Amino acid sequence: MAKAPLLEFSAARDQILQHAKHHTIPNSESVNLHLALNRIVAKPIMSPINVPSFDNSAMDGYVIREKDVKENTTLPIAGSIFAGHNGDIQWPKNTCLRIMTGAPVPNDAYAVIMQEDVKIADQQMSFDGHNVKAGQNIRRIGENITINTEIFSTGEKLTIPKLSTLAALGLNEVCVFKALKVAIFSTGDELTPIGEPLLSANSIYDSNRYTINLMLNALGCEVIDLGIIKDDLLSITQTLKQAADLADIVITSGGVSVGDADYTKKALEQIGEINFWKIAMKPGKPFAFGKIGHAFFCGLPGNPVSSLITFYQLVRPLILALYQQHTPSQQFTLKTISHLKKSIGRIDFQRGYLHRDHDGQLVVSSTGDQGSHITSSFNHANCFIILEKDRDNVKAGEYVTVEPFDSCLL
Ligand code: AMP
Ligand code: MG
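Residues numbered from 1 in each chain as written. Chains lettered and ligands numbered in written order. Predicted model: local features only at pLDDT ≥ 70, side-chain atom pairs only at ≥ 80, totals over all residues. Heavy atoms only, no water.

Under the annotation held in an unreviewed UniProt entry, the chain carries the name Molybdopterin molybdenumtransferase and is attributed to Orbus sasakiae. The annotation that UniProt attaches to the chain under Function (unreviewed entry) is "Catalyzes the insertion of molybdate into adenylated molybdopterin with the concomitant release of AMP." (UniProt positions renumbered as here; feature names shortened; annotations may be inferred.)

Chemist: Explain the domain arrangement of the chain residue by residue, including any values.
Modeler: The domains assigned to the chain are domain 1 (7-26 + 179-322), domain 2 (30-51 + 144-177), domain 3 (56-139) and domain 4 (332-404). Summarising the inter-unit geometry, the C-alpha centres of domain 1 and domain 2 are found 33 Å apart. (Domains from an automatic or database assignment.)

Chemist: How would you sum up the pattern of salt bridges? Please name residues and give values.
Modeler: Considering all chains together, one arrives at eleven salt bridges under this definition. Here Glu 8 and Lys 389 are joined by a salt bridge, their closest N and O atoms 2.6 Å apart. Residue Glu 8 is found in the segment before helix H1 (9-21), and its partner Lys 389 is found in the loop between strand E25 (383-387) and strand E26 (399-404); the two are separated by 381 residues along the sequence. The partly exposed category is assigned to Glu 8, whose relative accessible area is 34%. The class for Lys 389 is partly exposed, based on a relative accessible area of 29%. (Salt bridge = Lys/Arg side-chain N within 4 Å of Asp/Glu carboxyl O. Helix = DSSP H or I, 4+ residues; strand = E, 2+ residues; numbered from the N terminus. Buried < 20%, exposed > 50% of the residue type's maximum accessible area, 1.4 Å probe, protein only.)

Chemist: If you had to explain the state of the cysteines to someone new, which residues and values would you point to?
Modeler: As enumerated under the stated definition, the model contains zero disulfides in all. The closest cysteine sulfur to the non-disulfide-bonded Cys 221 is located on Cys 408, 9.2 Å from its own sulfur. Free of any disulfide, Cys 383 has its nearest neighbouring cysteine sulfur in Cys 408, separated by 16 Å. (Disulfide = S-S within 2.5 Å.)

Chemist: Quick one: what's the story with the packing of aromatic side chains, residue by residue and with numbers?
Modeler: Taken as a whole and assessed by the stated rule, the structure comprises ten aromatic pairs. With a centroid separation of 6.3 Å and 20 degrees between ring planes, the pair formed by Trp 277 and Phe 287 is classed as stacked. Of this pair, Trp 277 sits in strand E18 (residues 273-278) while Phe 287 sits in strand E20 (residues 286-292), and the two are ten residues apart along the sequence. Here Trp 277 matches Phe 287 in class, with each residue buried. Aromatic side chains Phe 289 and Phe 296 sit 6.1 Å apart centroid to centroid with 20 degrees between the ring planes, which places their arrangement in the stacked category. We classify Phe 296 as buried; its relative accessible area is 1%. Through successive ring pairs, a cluster of aromatic residues spans Phe 9, Tyr 312, Phe 349, Phe 378, Phe 384 and Phe 405. The side chain of Arg 65 reaches across the aromatic face of Trp 91, ending 3.8 Å from its centre. (Phe/Tyr/Trp six-rings, centres within 6.5 Å; stacked < 30°, edge-to-face > 60°. Lys NZ or Arg CZ within 6 Å of the ring centre and 35° of its normal.)

Chemist: Requested: an account of the sheet that holds strand E9 (residues 124-127), with residues and values cited.
Modeler: Pairing is mixed in the open sheet, where six strands are placed in the order E7-E4-E6-E5-E9-E8. Across the chains shown, the open sheet's two edge strands, defined by having one partner strand only, are strand E7 (111-114) and strand E8 (119-121). Neighbouring strand axes in the sheet, compared pairwise and without regard to direction, differ in orientation by 40 degrees on average. The pairing of strand E5 (residues 73-81) with strand E6 (residues 96-99) spans three bridges and is classified as parallel. Opposite Ser 80, over in E6, you have Arg 98 as the bridge partner. (Pairing = 2+ DSSP bridges. Axes fitted to C-alpha atoms, helices over the stretch in contact; angles between N-to-C directions.)

Here you go:
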(Lines give C-alpha, C1' and ligand atoms only; values in the text may rest on other atoms or scores of the structure.)
(Ligands and ions follow the chains in the order given, each with its own letter.)
Protein backbone atom coordinates (compact mmCIF):
# COMPACT_ATOMS: atom_id res chain seq x y z
CA MET A 1 0.00 0.00 0.00
CA ALA A 2 1.33 3.47 -0.91
CA LYS A 3 2.32 5.62 2.04
CA ALA A 4 -0.23 8.43 2.64
CA PRO A 5 1.40 11.84 2.16
CA LEU A 6 2.09 13.79 5.32
CA LEU A 7 -0.35 16.62 6.05
CA GLU A 8 1.18 20.11 5.82
CA PHE A 9 1.49 21.78 9.23
CA SER A 10 -0.35 24.91 8.00
CA ALA A 11 -3.22 22.77 6.66
CA ALA A 12 -3.56 21.03 10.03
CA ARG A 13 -3.61 24.34 11.84
CA ASP A 14 -6.13 25.82 9.39
CA GLN A 15 -8.46 22.86 9.82
CA ILE A 16 -8.32 23.23 13.58
CA LEU A 17 -9.05 26.96 13.33
CA GLN A 18 -11.96 26.32 10.96
CA HIS A 19 -13.53 24.04 13.56
CA ALA A 20 -13.02 26.68 16.25
CA LYS A 21 -14.76 29.30 14.09
CA HIS A 22 -17.98 27.33 14.02
CA HIS A 23 -17.94 26.80 17.72
CA THR A 24 -18.75 29.60 20.12
CA ILE A 25 -18.33 29.60 23.84
CA PRO A 26 -21.12 31.96 24.83
CA ASN A 27 -20.52 31.55 28.52
CA SER A 28 -19.26 34.64 30.21
CA GLU A 29 -19.16 35.84 33.78
CA SER A 30 -18.62 39.04 35.65
CA VAL A 31 -15.48 39.02 37.77
CA ASN A 32 -13.95 41.45 40.20
CA LEU A 33 -11.01 43.38 38.75
CA HIS A 34 -8.69 41.77 41.31
CA LEU A 35 -9.37 38.37 39.69
CA ALA A 36 -9.37 39.49 36.08
CA LEU A 37 -5.64 39.32 35.21
CA ASN A 38 -5.11 37.34 31.96
CA ARG A 39 -8.86 36.75 31.50
CA ILE A 40 -10.42 37.40 28.08
CA VAL A 41 -12.90 40.21 27.47
CA ALA A 42 -16.28 38.66 26.52
CA LYS A 43 -18.08 41.80 25.33
CA PRO A 44 -16.89 45.27 24.31
CA ILE A 45 -16.09 47.53 27.24
CA MET A 46 -17.30 51.13 26.90
CA SER A 47 -15.87 53.95 28.94
CA PRO A 48 -18.45 55.28 31.41
CA ILE A 49 -16.54 58.55 32.02
CA ASN A 50 -13.97 60.86 30.48
CA VAL A 51 -10.37 60.48 31.64
CA PRO A 52 -9.31 63.01 32.72
CA SER A 53 -12.81 63.94 33.79
CA PHE A 54 -11.87 67.66 34.08
CA ASP A 55 -9.15 69.95 32.68
CA ASN A 56 -6.22 69.81 35.10
CA SER A 57 -2.63 70.81 35.51
CA ALA A 58 0.16 68.50 34.36
CA MET A 59 2.75 70.36 36.49
CA ASP A 60 3.32 72.11 39.76
CA GLY A 61 3.45 75.72 38.58
CA TYR A 62 1.45 78.86 37.88
CA VAL A 63 -1.69 79.28 35.85
CA ILE A 64 -2.02 82.37 33.66
CA ARG A 65 -4.52 84.05 31.33
CA GLU A 66 -3.89 84.67 27.64
CA LYS A 67 -3.71 88.46 27.92
CA ASP A 68 -0.87 88.20 30.45
CA VAL A 69 1.40 86.27 28.07
CA LYS A 70 4.16 88.78 27.27
CA GLU A 71 7.92 88.81 27.34
CA ASN A 72 9.20 89.26 30.88
CA THR A 73 5.98 89.64 32.83
CA THR A 74 5.47 89.84 36.58
CA LEU A 75 2.09 88.90 38.10
CA PRO A 76 0.94 88.84 41.73
CA ILE A 77 0.07 85.36 43.04
CA ALA A 78 -3.60 85.63 44.01
CA GLY A 79 -4.15 82.15 45.49
CA SER A 80 -3.52 78.43 45.20
CA ILE A 81 -5.38 75.48 43.72
CA PHE A 82 -4.70 71.98 45.09
CA ALA A 83 -5.43 68.54 43.62
CA GLY A 84 -8.83 67.34 44.79
CA HIS A 85 -9.97 70.87 45.64
CA ASN A 86 -12.22 73.36 43.90
CA GLY A 87 -10.64 75.15 40.91
CA ASP A 88 -13.34 77.75 40.68
CA ILE A 89 -11.71 80.21 43.09
CA GLN A 90 -11.50 83.99 43.11
CA TRP A 91 -8.99 84.98 40.39
CA PRO A 92 -8.59 88.77 40.06
CA LYS A 93 -7.57 90.24 36.67
CA ASN A 94 -3.80 90.66 36.03
CA THR A 95 -2.79 87.98 38.55
CA CYS A 96 -1.74 84.36 38.39
CA LEU A 97 -2.60 81.38 40.62
CA ARG A 98 -0.29 78.82 42.12
CA ILE A 99 -1.44 75.36 40.94
CA MET A 100 -0.42 71.77 41.80
CA THR A 101 -0.22 68.74 39.54
CA GLY A 102 -3.69 67.21 39.07
CA ALA A 103 -5.52 70.30 40.37
CA PRO A 104 -8.44 71.61 38.26
CA VAL A 105 -7.57 74.60 36.06
CA PRO A 106 -10.00 77.54 36.00
CA ASN A 107 -12.14 77.98 32.84
CA ASP A 108 -10.25 81.01 31.54
CA ALA A 109 -6.79 79.50 32.06
CA TYR A 110 -4.50 79.85 29.01
CA ALA A 111 -1.50 77.81 30.19
CA VAL A 112 0.40 76.54 33.20
CA ILE A 113 4.04 77.63 33.52
CA MET A 114 6.09 75.04 35.36
CA GLN A 115 7.64 76.33 38.56
CA GLU A 116 11.18 75.62 37.35
CA ASP A 117 10.66 78.28 34.62
CA VAL A 118 9.60 81.20 36.87
CA LYS A 119 11.11 83.49 39.49
CA ILE A 120 9.28 84.16 42.74
CA ALA A 121 9.84 87.22 44.90
CA ASP A 122 7.49 89.08 47.30
CA GLN A 123 4.41 87.03 46.38
CA GLN A 124 5.00 87.89 42.70
CA MET A 125 5.75 85.50 39.86
CA SER A 126 7.93 86.58 36.91
CA PHE A 127 8.20 84.64 33.67
CA ASP A 128 9.13 85.06 30.05
CA GLY A 129 5.99 84.55 27.93
CA HIS A 130 8.01 84.30 24.76
CA ASN A 131 7.55 80.57 24.16
CA VAL A 132 4.35 79.95 26.09
CA LYS A 133 1.80 78.04 24.02
CA ALA A 134 -1.98 77.81 24.40
CA GLY A 135 -2.93 74.91 26.66
CA GLN A 136 0.64 74.28 27.73
CA ASN A 137 0.80 71.85 30.68
CA ILE A 138 -2.97 71.51 30.76
CA ARG A 139 -4.41 67.98 30.52
CA ARG A 140 -7.73 68.28 28.74
CA ILE A 141 -10.94 66.49 29.65
CA GLY A 142 -11.25 63.15 27.80
CA GLU A 143 -7.85 63.38 26.08
CA ASN A 144 -6.79 60.01 27.52
CA ILE A 145 -10.15 58.21 27.25
CA THR A 146 -13.36 59.70 25.86
CA ILE A 147 -16.69 58.88 27.46
CA ASN A 148 -18.88 56.27 25.66
CA THR A 149 -16.11 54.98 23.42
CA GLU A 150 -15.09 51.32 23.12
CA ILE A 151 -11.83 50.82 24.96
CA PHE A 152 -11.45 47.04 24.80
CA SER A 153 -13.06 44.63 22.38
CA THR A 154 -14.11 40.99 22.68
CA GLY A 155 -11.11 38.67 22.69
CA GLU A 156 -8.61 41.02 24.32
CA LYS A 157 -6.54 39.55 27.11
CA LEU A 158 -6.63 41.67 30.26
CA THR A 159 -3.04 42.60 31.00
CA ILE A 160 -1.87 44.75 33.90
CA PRO A 161 -1.92 48.05 31.87
CA LYS A 162 -5.44 47.28 30.61
CA LEU A 163 -6.68 46.50 34.13
CA SER A 164 -5.05 49.71 35.30
CA THR A 165 -7.10 51.56 32.66
CA LEU A 166 -10.30 49.89 33.88
CA ALA A 167 -9.39 50.93 37.42
CA ALA A 168 -8.90 54.53 36.21
CA LEU A 169 -12.45 54.32 34.85
CA GLY A 170 -13.68 53.26 38.28
CA LEU A 171 -14.88 49.86 37.08
CA ASN A 172 -14.50 47.10 39.65
CA GLU A 173 -16.11 44.32 37.62
CA VAL A 174 -15.52 43.13 34.08
CA CYS A 175 -17.33 40.64 31.84
CA VAL A 176 -14.93 37.87 30.74
CA PHE A 177 -15.27 34.45 29.13
CA LYS A 178 -15.72 31.60 31.56
CA ALA A 179 -12.63 29.42 31.67
CA LEU A 180 -12.70 26.61 29.11
CA LYS A 181 -12.83 23.22 30.81
CA VAL A 182 -10.07 20.96 29.58
CA ALA A 183 -9.82 17.30 30.64
CA ILE A 184 -6.37 15.74 30.32
CA PHE A 185 -4.87 12.33 30.81
CA SER A 186 -1.68 10.50 29.93
CA THR A 187 -1.58 7.02 28.45
CA GLY A 188 1.25 4.55 28.96
CA ASP A 189 2.05 1.48 31.06
CA GLU A 190 5.51 2.97 31.63
CA LEU A 191 4.30 6.10 33.44
CA THR A 192 4.75 6.94 37.13
CA PRO A 193 3.14 10.08 38.62
CA ILE A 194 5.68 12.70 39.68
CA GLY A 195 6.47 12.74 43.39
CA GLU A 196 6.31 8.94 43.71
CA PRO A 197 9.11 6.34 43.46
CA LEU A 198 9.46 5.00 39.91
CA LEU A 199 7.18 1.97 39.48
CA SER A 200 9.95 -0.17 38.02
CA ALA A 201 13.34 0.02 36.37
CA ASN A 202 11.52 0.45 33.05
CA SER A 203 9.24 3.19 34.22
CA ILE A 204 9.51 6.92 33.51
CA TYR A 205 7.89 9.96 35.06
CA ASP A 206 4.71 11.36 33.52
CA SER A 207 6.13 14.79 32.76
CA ASN A 208 3.73 15.56 29.89
CA ARG A 209 0.58 15.78 31.98
CA TYR A 210 2.32 18.17 34.34
CA THR A 211 3.57 20.33 31.43
CA ILE A 212 0.20 20.41 29.66
CA ASN A 213 -1.46 21.36 32.93
CA LEU A 214 0.90 24.33 33.31
CA MET A 215 0.32 25.57 29.76
CA LEU A 216 -3.45 25.26 30.16
CA ASN A 217 -3.27 27.30 33.33
CA ALA A 218 -1.27 29.96 31.52
CA LEU A 219 -3.98 30.07 28.85
CA GLY A 220 -6.69 30.60 31.45
CA CYS A 221 -8.28 27.14 31.22
CA GLU A 222 -9.76 25.07 34.04
CA VAL A 223 -7.97 21.72 34.09
CA ILE A 224 -9.71 18.44 34.92
CA ASP A 225 -6.82 16.07 35.52
CA LEU A 226 -7.80 12.42 34.98
CA GLY A 227 -4.33 11.06 35.70
CA ILE A 228 -2.54 8.17 34.01
CA ILE A 229 -4.46 5.51 32.05
CA LYS A 230 -2.89 2.16 31.19
CA ASP A 231 -2.42 1.05 27.57
CA ASP A 232 -5.73 -0.76 27.54
CA LEU A 233 -8.50 -0.21 24.99
CA LEU A 234 -11.41 -0.41 27.42
CA SER A 235 -9.86 1.91 30.02
CA ILE A 236 -8.93 4.46 27.37
CA THR A 237 -12.40 4.35 25.77
CA GLN A 238 -14.14 4.77 29.12
CA THR A 239 -11.89 7.61 30.19
CA LEU A 240 -12.34 9.42 26.87
CA LYS A 241 -16.13 9.23 27.29
CA GLN A 242 -15.93 10.48 30.85
CA ALA A 243 -13.58 13.31 29.78
CA ALA A 244 -15.86 14.40 26.92
CA ASP A 245 -18.84 14.58 29.29
CA LEU A 246 -16.91 16.81 31.68
CA ALA A 247 -15.02 19.16 29.38
CA ASP A 248 -14.99 21.48 26.34
CA ILE A 249 -11.67 19.99 25.20
CA VAL A 250 -10.08 16.59 25.87
CA ILE A 251 -6.31 16.32 25.58
CA THR A 252 -4.37 13.08 25.80
CA SER A 253 -0.66 12.38 25.72
CA GLY A 254 0.81 9.29 24.04
CA GLY A 255 -0.73 6.41 22.15
CA VAL A 256 -1.53 8.28 18.91
CA SER A 257 1.17 6.66 16.83
CA VAL A 258 1.28 3.30 15.10
CA GLY A 259 2.73 1.09 17.86
CA ASP A 260 0.97 -2.07 19.04
CA ALA A 261 -0.01 -0.33 22.32
CA ASP A 262 -1.33 2.82 20.66
CA TYR A 263 -5.02 2.36 21.46
CA THR A 264 -6.29 5.92 21.20
CA LYS A 265 -7.18 5.54 17.53
CA LYS A 266 -9.25 2.38 18.10
CA ALA A 267 -10.99 3.94 21.08
CA LEU A 268 -11.91 7.04 19.12
CA GLU A 269 -13.17 5.15 16.14
CA GLN A 270 -15.85 3.76 18.49
CA ILE A 271 -16.92 6.99 20.18
CA GLY A 272 -15.89 10.06 18.16
CA GLU A 273 -15.21 11.74 14.84
CA ILE A 274 -11.49 11.87 14.60
CA ASN A 275 -8.78 12.68 12.10
CA PHE A 276 -5.48 10.98 12.75
CA TRP A 277 -2.80 12.97 11.18
CA LYS A 278 0.76 12.44 10.29
CA ILE A 279 1.83 16.02 10.07
CA ALA A 280 4.86 17.15 8.07
CA MET A 281 6.36 18.78 11.15
CA LYS A 282 9.32 17.99 13.35
CA PRO A 283 9.07 17.23 16.16
CA GLY A 284 5.49 16.02 16.49
CA LYS A 285 4.57 13.96 13.46
CA PRO A 286 1.67 11.95 14.98
CA PHE A 287 -1.25 14.07 16.15
CA ALA A 288 -4.98 13.44 16.41
CA PHE A 289 -7.76 16.00 16.21
CA GLY A 290 -11.51 15.73 16.22
CA LYS A 291 -14.61 15.63 18.39
CA ILE A 292 -16.14 13.32 20.96
CA GLY A 293 -19.74 14.47 21.36
CA HIS A 294 -19.52 18.25 21.92
CA ALA A 295 -15.92 18.18 23.11
CA PHE A 296 -12.88 18.83 20.94
CA PHE A 297 -10.25 16.13 21.10
CA CYS A 298 -6.50 16.67 20.71
CA GLY A 299 -4.21 13.66 20.93
CA LEU A 300 -0.61 14.67 21.52
CA PRO A 301 2.39 12.43 20.85
CA GLY A 302 4.12 10.99 23.91
CA ASN A 303 7.64 12.26 23.31
CA PRO A 304 7.90 15.22 25.69
CA VAL A 305 9.32 17.74 23.20
CA SER A 306 6.78 16.69 20.55
CA SER A 307 3.97 16.87 23.07
CA LEU A 308 4.96 20.37 24.18
CA ILE A 309 5.44 21.67 20.63
CA THR A 310 2.23 20.22 19.19
CA PHE A 311 0.37 21.68 22.16
CA TYR A 312 1.96 25.09 21.59
CA GLN A 313 1.63 25.17 17.81
CA LEU A 314 -1.73 23.41 17.35
CA VAL A 315 -3.73 23.25 20.60
CA ARG A 316 -2.86 26.72 21.85
CA PRO A 317 -4.23 28.33 18.62
CA LEU A 318 -7.46 26.32 19.10
CA ILE A 319 -7.83 27.64 22.66
CA LEU A 320 -7.01 31.22 21.62
CA ALA A 321 -9.55 31.00 18.78
CA LEU A 322 -12.26 29.62 21.07
CA TYR A 323 -11.66 32.61 23.34
CA GLN A 324 -11.84 34.80 20.17
CA GLN A 325 -8.41 36.12 21.07
CA HIS A 326 -6.55 38.33 18.60
CA THR A 327 -3.10 36.89 18.01
CA PRO A 328 -0.90 38.81 15.58
CA SER A 329 2.05 36.86 14.19
CA GLN A 330 5.18 37.27 16.26
CA GLN A 331 7.55 35.87 13.64
CA PHE A 332 10.50 37.72 12.20
CA THR A 333 13.66 36.98 10.27
CA LEU A 334 17.26 37.19 11.44
CA LYS A 335 20.66 35.52 11.24
CA THR A 336 21.52 32.27 12.95
CA ILE A 337 25.02 32.10 14.38
CA SER A 338 24.79 28.29 14.66
CA HIS A 339 24.83 25.64 11.98
CA LEU A 340 21.36 23.98 12.04
CA LYS A 341 20.83 20.35 11.02
CA LYS A 342 17.74 19.98 8.86
CA SER A 343 16.44 17.48 6.32
CA ILE A 344 14.02 18.38 3.55
CA GLY A 345 10.39 17.27 3.88
CA ARG A 346 9.01 18.61 7.17
CA ILE A 347 8.75 22.02 8.82
CA ASP A 348 11.08 22.11 11.85
CA PHE A 349 10.36 23.86 15.12
CA GLN A 350 13.87 23.98 16.55
CA ARG A 351 14.58 25.51 19.92
CA GLY A 352 16.66 28.68 19.78
CA TYR A 353 18.16 31.38 21.92
CA LEU A 354 17.56 34.94 20.82
CA HIS A 355 20.24 37.36 21.99
CA ARG A 356 22.58 40.18 20.92
CA ASP A 357 26.01 39.52 19.47
CA HIS A 358 29.16 41.58 20.26
CA ASP A 359 28.05 44.28 17.80
CA GLY A 360 24.64 44.58 19.41
CA GLN A 361 22.86 42.81 16.53
CA LEU A 362 19.95 40.55 17.40
CA VAL A 363 20.87 36.97 16.41
CA VAL A 364 19.69 33.47 17.19
CA SER A 365 21.67 30.39 18.15
CA SER A 366 20.71 26.75 18.53
CA THR A 367 20.22 25.31 22.02
CA GLY A 368 21.80 22.01 21.03
CA ASP A 369 20.49 18.51 20.33
CA GLN A 370 17.03 18.79 18.79
CA GLY A 371 15.85 15.20 19.41
CA SER A 372 12.19 14.88 20.37
CA HIS A 373 13.16 13.32 23.72
CA ILE A 374 15.87 15.92 24.52
CA THR A 375 13.93 18.22 26.83
CA SER A 376 17.15 19.90 27.96
CA SER A 377 17.33 21.77 24.64
CA PHE A 378 14.15 23.58 25.69
CA ASN A 379 15.41 24.77 29.07
CA HIS A 380 17.47 27.72 27.92
CA ALA A 381 15.51 28.44 24.75
CA ASN A 382 13.43 31.59 24.37
CA CYS A 383 12.19 31.11 20.80
CA PHE A 384 11.44 28.67 18.02
CA ILE A 385 13.62 28.66 14.94
CA ILE A 386 11.14 27.72 12.25
CA LEU A 387 12.77 26.08 9.25
CA GLU A 388 10.60 25.72 6.17
CA LYS A 389 9.66 22.25 4.88
CA ASP A 390 11.84 22.43 1.76
CA ARG A 391 14.89 23.73 3.54
CA ASP A 392 18.08 21.72 3.89
CA ASN A 393 20.88 22.16 6.46
CA VAL A 394 21.35 25.81 7.44
CA LYS A 395 24.80 27.37 7.62
CA ALA A 396 25.78 29.88 10.30
CA GLY A 397 25.11 33.37 8.91
CA GLU A 398 21.97 32.41 6.99
CA TYR A 399 18.63 34.08 7.70
CA VAL A 400 15.95 32.08 9.52
CA THR A 401 12.42 32.66 10.83
CA VAL A 402 12.22 33.15 14.57
CA GLU A 403 9.14 33.09 16.81
CA PRO A 404 9.74 34.20 20.42
CA PHE A 405 7.92 32.13 23.05
CA ASP A 406 4.81 33.75 24.40
CA SER A 407 3.82 33.83 28.08
CA CYS A 408 2.45 30.28 27.78
CA LEU A 409 6.06 29.00 27.84
CA LEU A 410 7.90 31.63 29.85
P1 AMP B 1 3.96 7.11 22.55
O2 AMP B 1 3.51 8.35 21.84
O3 AMP B 1 2.94 6.64 23.55
O4 AMP B 1 4.38 6.05 21.61
O5 AMP B 1 5.24 7.51 23.40
C6 AMP B 1 6.42 8.00 22.77
C7 AMP B 1 7.52 8.21 23.78
O8 AMP B 1 7.13 9.18 24.72
C9 AMP B 1 7.86 6.97 24.59
O10 AMP B 1 9.26 6.93 24.79
C11 AMP B 1 7.14 7.19 25.90
O12 AMP B 1 7.71 6.48 26.96
C13 AMP B 1 7.24 8.68 26.06
N14 AMP B 1 6.10 9.19 26.83
C15 AMP B 1 4.82 8.84 26.62
N16 AMP B 1 4.02 9.48 27.49
C17 AMP B 1 4.80 10.28 28.25
C18 AMP B 1 4.55 11.18 29.33
N19 AMP B 1 3.32 11.38 29.77
N20 AMP B 1 5.61 11.84 29.87
C21 AMP B 1 6.85 11.63 29.41
N22 AMP B 1 7.15 10.79 28.40
C23 AMP B 1 6.15 10.09 27.82
MG1 MG C 1 2.59 4.95 24.70
